[in-house]
Amino acid sequence: MQWLDRVKFGNGSNGAPTTITNYFNTFTGTSGQTSGTISAGWVWDAPVLIHQSQGTGAGQWELNWGTVSSGTTITLKYPLSYTYGTGAQIVTLHQYTGGTFSGTHTGTAWNGSYGGIIALMCNGDLTISGTISVNGIGFRGASGVGVGGGIDGKQGEGYGSSTYNGTSYNYNYNGGGGGDFQVNQSGGGGGGGNGTAGSTAPNSTNAIEGIGGIAAGSADLTSIVFGGGGGSACTGNDGSGQSGPGGTGGGAIFIFGKNITVSGSITSNGSNGSGQIYASGGSGGGAGGSIIIKCQGATIGTNKILASAGAGGTTGQGYGGDGGVGRIRVEYADSISGSTSPTASTAQVTTLKSQIYGGMI
């Protein structure tokens, strides 16, 4: 249950969810310990989400309770279930009572250390009539290249390390590979991956196309990653060639609440790759990200929850590959109605009901 059985659904101390507020910090800590190291001191008494966003153990996550920080040491209420190293972050969650979220929240972009996440906790009934979006704030698309002829494209960012923009047509974990210049042709960038692998850039004569990023995470979202970034295209033989950036992957959304109704939208879409700027290929699209909802009852409408792929650029000597779709998971105690795109993994978890009520004390 990723400590949801202990943290429950909060105490409602932040009132109705008129805004969604998360604070981010880097984090390292050791399994079994009740403290960890952050990059800057905070004072808090609130539920926290800890996520290994990149590096060793990427995708693992849990809920805990941050009680106090002294300098760069944070004290936690419960022992850590995983070890977290470079590439992990800690995120505070506000505790809402219920009501209607009618605004727009787009989240903080992943910057290589933290961000890319929206997380909220609600111990009452929640209607989302507005927009909650982490579109294009996950793993970063590769930088465009040029100006010049025959310059190889770059790799999009993936979950394996903080290094991206490497010059290779091969995938970078779930980041797409860059186009590789051969003879007089420009290969497109590969798409990023997540729920499905990204597409390798369509064939160009006499060029090597960027390979799509691999599938990542797990269907039940016990392992959660951001959508992979798209690779960028190489330039052609023209000395003025220049390619645009790859698309950025979708981030991650965590929603824990009582009864959740979605009449607005919850989205974690990858962004599109660029078409050629001049004498180059198209760059790869970013992959859809990850969305997880745990609740008592879920009324989610028809395709109002999306983790769609970004498209590859479609102008140039070689088109970019499309990103893969993301992952969506809904766990509920009583009932669920509606559909998502891609189709959500769902599970009835009856213990969620007691956890929701326990959080209302």
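Quick summary incoming for the structure in this document. (Residues numbered from 1 in each chain as written. Predicted model: local features only at pLDDT ≥ 70, side-chain atom pairs only at ≥ 80, totals over all residues. Heavy atoms only, no water.)

**Comments concerning the overall build of the protein**
And then number 1: Regarding its fold elements, the protein presents two helices and 18 strands.
And then number 2: Taken against the 2.2 N^0.38 rule, which gives 21 Å for 361 residues, the C-alpha radius of gyration of the protein at 21 Å falls within 12% of a compact globule.
And then number 3: Principal-axis analysis of the C-alpha atoms places the extent of the protein at approximately 70 × 45 × 30 Å.
And then number 4: Burial status across the protein gives 56% buried among its 361 residues.
And then number 5: A separation of at least 24 residues holds for 72% of the contacts in the protein among residues at least 6 apart in sequence.
And then number 6: If the 11 positive side-chain charges of the protein are averaged to one point and the 13 negative ones to another, these points end up 13 Å apart. (Helix = DSSP H or I, 4+ residues; strand = E, 2+ residues; numbered from the N terminus. Rg over C-alpha atoms; globule rule 2.2 N^0.38 Å. Buried < 20%, exposed > 50% of the residue type's maximum accessible area, 1.4 Å probe, protein only. Contact = heavy atoms within 4.5 Å. Lys, Arg positive; Asp, Glu negative; His and termini not counted. Charge placed at Lys NZ, Arg CZ, Asp CG, Glu CD.)

**Concerning the sheet that holds strand β1 (residues 24–29)**
And then number 1: In spatial order, the strands read β1-β2-β5-β4-β3-β6; together these six strands close into a barrel with antiparallel pairing. Adjacent strand axes in the sheet meet at a mean angle of 45° when their direction is disregarded. (Pairing = 2+ DSSP bridges. Axes fitted to C-alpha atoms, helices over the stretch in contact; angles between N-to-C directions.)

**Observations regarding the environment of G229**
And then number 1: The residue G229 is located in the loop between β12 (131–133) and β13 (252–256) in this model.
And then number 2: By relative accessible area, which is 0% here, G229 ends up buried.
And then number 3: For the pair G229 and N194, spaced 35 residues apart in sequence, the C-alpha to C-alpha distance is 9.9 Å.

**A closer look at the pattern of salt bridges**
And then number 1: Summed over all chains, the structure comprises three salt bridges.
And then number 2: Among the salt bridges present, the one from E331 reaches K294, with a minimum N-O distance of 2.7 Å. Taken as a pair, E331 in strand β17 (residues 327–341) and K294 in strand β16 (residues 290–306) lie far apart in primary sequence, 37 residues in all. Here E331 matches K294 in class, with each residue buried.
And then number 3: With a shortest N-O distance of 3.1 Å, R329 and E331 are connected by a salt bridge. In this structure, R329 and E331 share a single accessibility class: buried.
And then number 4: Bridged by salt links that share partners, the residues K294, R329 and E331 form one connected network. (Salt bridge = Lys/Arg side-chain N within 4 Å of Asp/Glu carboxyl O.)

**Comments concerning the pairing of β17**
And then number 1: In this sheet, β17 lies alongside β16 in parallel orientation, the contact comprising 11 bridges. Within β17, the residue paired with I292 across the bridge is R329.
And then number 2: Here β17 pairs with strand β18 (residues 345–348) via four bridges, running parallel. The partner of Y332 across the bridge, within β18, is Q348.

**Let's talk about unusual backbone geometry**
And then number 1: Note that the residue after G146, namely V147, is joined by a cis bond; omega there is 5°.
And then number 2: Structurally, the position occupied by V147 is in the loop between β12 and β13.
And then number 3: A cis geometry characterises the amide bond from S341 onward to P342, with omega recorded as 0°.
And then number 4: Take P342: it is sitting in the loop between β17 and β18.
And then number 5: Here the phi dihedral of Y173 falls at roughly 60°; this positive angle occurs in a residue that is not glycine.
And then number 6: Looking at where Y173 falls in the secondary structure, it is placed in the loop between β12 and β13.
And then number 7: Phi at N303 takes a positive value of approximately 50°, unusual for a residue other than glycine.
And then number 8: By secondary structure assignment, the location of N303 is in strand β16.
And then number 9: When its relative accessible area of 38% is taken as the criterion, N303 is described as partly exposed.

**Things to note about the side chain of T92**
And then number 1: Note on placement: T92 falls in strand β6 (residues 88–92).
And then number 2: Residue contacts for T92: discarding those within four places in its chain leaves T21, N22, Y23, W42, W44, P47 and V48.

**A look at the packing of aromatic side chains**
And then number 1: As enumerated under the stated definition, the model contains nine aromatic pairs in all.
And then number 2: Centroid distance F139 to F226: 5.2 Å. Interplanar angle 65°. Geometry classified as edge-to-face. Here the residue F139 occupies a position in the loop between β12 and β13, and F226 occupies one in the loop between β12 and β13, the gap between them amounting to 87 residues. With respect to class, F139 is no different from F226; both count as buried.
And then number 3: Joined through ring pairs, the aromatic side chains of F27, Y82 and Y84 make up one cluster.
And then number 4: Sitting over the face of the ring of W65, K77 holds its NZ or CZ atom 5.9 Å from the ring centroid. (Phe/Tyr/Trp six-rings, centres within 6.5 Å; stacked < 30°, edge-to-face > 60°. Lys NZ or Arg CZ within 6 Å of the ring centre and 35° of its normal.)

**Topic: the side chain of N194**
And then number 1: Residue placement: N194 occurs in the loop between β12 and β13.
And then number 2: When its relative accessible area of 0% is taken as the criterion, N194 is described as buried.
And then number 3: Side-chain polar atoms of N194 contact the backbone oxygen of G288, separated by 3.0 Å.
And then number 4: A distance of 3.0 Å separates the side chain of N194 from the backbone oxygen of G289, its partner in a polar contact. (Polar contact = N/O pair within 3.5 Å; in protein donor to acceptor, adjacent residues only side chain to side chain.)

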